[in-house]
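Survey of secondary and tertiary structure
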Amino acid sequence: MDGEDFLAERFEEHRPHLRAVAYRMLGSLGEAEDAVQETWFKLSRSDVGGVANLGGWLTTVVGRVCLDLLRSRVARREDPLPDRDGREVRLPDPIIGGIQAIDPEQEILTADSVGIALMIVLETLAPAERLAFVLHDLFSVPFDEIAPILGRTSASTRQLASRARRRVQGAAPAPDADLALRREVVEAFLAAARGGDFDALLTVLDPDVVARSDGGTVRPATFRRGAAKVAAGASVFGASFAGESRLVLVNGEPALATFVDGRPAALAAFTVRGGKVVELNIFNDPERLERLGLSAA
């Protein structure tokens, strides 16, 4: 095996980790893959013979690539959704797996409790805050290794991560640990939404529940807050479950995928805490659903 083949083999060992870092940084599966590929290009052009920790070197490189992408990113939609505090946000790409077990190739992406609710909050962070938080809090990279990427001191980098951490803790609801219980709540919601049962919906919705739907550029975005408003809008949200629905996992949490004539029509991701739905995010952008590769089989 020559040097280039050996380097490529070492890189492939780290690819799942690099994809996980890039996804958490960018919230886009396509952009994450592009960032990983750019990291490979940088590795193939660099002399890493003296690098003792290749994994650490690659992590900082992919972090820098993602930071540049975040700083240069333009708005991807004209009518972004508000988060819980009114800041504009776009729903990140979901990671989809089966309800019984997560696809082994996707498992690393769904580790560390990176549910859709957390990913939405990450979308609201400034690029430097997001980098500091993701690398340190989610991947345990020391601040003295993150600081050079940002051109800051370790102390100021620590402050960035601390500020991001407070934002995350205050805005991203932590889901219940019991997957079976969360699945039961999602099934109860589906039955109530399909039946237009207002009272039954209220029993599974948290009083301060937030519900969003993201139709991309094809369908209008919607946002509702509060159990009464979400339940009253069941005819709107219920339409997302009018076809054949089946349980899947989205970022490790129970979700519903709906199909009409065998084609994906909607994907609804639930965050369940205290036995109640505290957040509901519906993806009904036909173009995005097609890219996700959802199958009714």
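Each remark here, short or long, concerns the structure printed above.
This write-up is about the structure you can find in this document. For clarity, every value in this text was computed on a predicted model and none was experimentally measured.

Attention now moves to the packing of helix 6 (residues 127-138) against helix 8 (residues 154-171). Close contact between helix 6 and helix 8 brings their axes to 8 Å; oriented N to C, the two are set at 90 degrees. One way to sum up the angle between helix 6 and helix 8 is to call them roughly perpendicular. Contacts from Ala 128, Glu 129, Ala 132, Phe 133, His 136 and Asp 137 of helix 6 reach helix 8 at Thr 157, Leu 160, Ala 161, Arg 163, Ala 164, Arg 165, Arg 167 and Val 168. Class assignment of the residues belonging to the contact of helix 6 with helix 8 gives a composition of seven nonpolar, two polar and five charged.

Moving on, we come to helix 9 (residues 179-195). The end-to-end C-alpha distance of helix 9 is 24 Å, a good match for the 24 Å that 17 residues give at a rise of 1.5 Å each. For helix 9, every residue scored as buried is listed here: Arg 182, Val 185, Val 186, Phe 189, Leu 190, Ala 192 and Ala 193. Immediately downstream of helix 9, the backbone of Gly 196 shows phi near 60 degrees, a positive value.

What follows concerns the packing of aromatic side chains. Here the structure, examined in full by the defined rule, presents two aromatic pairs. Pairing Phe 11 with Trp 40 gives two aromatic rings, centres 5.3 Å apart and planes at 50 degrees, and the pair type is tilted. Highlighted residues: Phe 11 in helix 1 (residues 3-26) and Trp 40 in helix 2 (residues 29-44), separated in sequence by 29 residues. Exposure remark for Phe 11: the relative accessible area of 1% places this residue in the buried category. Centroid distance Phe 189 to Phe 270: 5.2 Å. Interplanar angle 70 degrees. Geometry classified as edge-to-face.

The next thing to look at is the side chain of Ser 156. Position of Ser 156 relative to the elements: it lies in helix 8. A distance of 3.0 Å separates a polar side-chain atom of Ser 156 from the backbone oxygen of Thr 153.

Let us look at the pairing of strand 8 (residues 263-273). With eight of its 11 residues buried, strand 8 lies for the most part within the structure. Examined bridge by bridge, strand 7 (residues 253-260) and strand 8 share six bridges and lie antiparallel to one another. In the strand pairing of strand 8, Val 260 is matched with Arg 263. A loop of two residues connects strand 7 with strand 8, the two strands running antiparallel in sequence, and Asp 261 in this loop sits at a positive phi of about 55 degrees. Between the end of strand 8 and the start of strand 9 (residues 276-283), which pair antiparallel, lie two residues, with Gly 274 showing a positive phi angle near 65 degrees.

Right, let's talk about the environment of Glu 13 for a bit. Mapped onto the secondary structure, Glu 13 falls in helix 1. Given a relative accessible area of 53%, Glu 13 falls into the exposed group. The spacing of Glu 13 and Gly 55 is 42 residues in sequence and 9.2 Å in space, taken between C-alpha atoms.

Basis of the calculations
- Residues numbered from 1 in each chain as written.
- Predicted model: local features only at pLDDT ≥ 70, side-chain atom pairs only at ≥ 80, totals over all residues.
- Heavy atoms only, no water.
- Axes fitted to C-alpha atoms, helices over the stretch in contact; angles between N-to-C directions.
- Helix = DSSP H or I, 4+ residues; strand = E, 2+ residues; numbered from the N terminus.
- Parallel < 35°, antiparallel > 145°, perpendicular 65-115°, else oblique.
- Contact = heavy atoms within 4.5 Å.
- Nonpolar A, V, L, I, M, F, W, Y, C, P; charged D, E, K, R; others polar.
- Expected span 1.5 Å × (residues − 1).
- Buried < 20%, exposed > 50% of the residue type's maximum accessible area, 1.4 Å probe, protein only.
- Phe/Tyr/Trp six-rings, centres within 6.5 Å; stacked < 30°, edge-to-face > 60°.
- Polar contact = N/O pair within 3.5 Å; in protein donor to acceptor, adjacent residues only side chain to side chain.
- Pairing = 2+ DSSP bridges.

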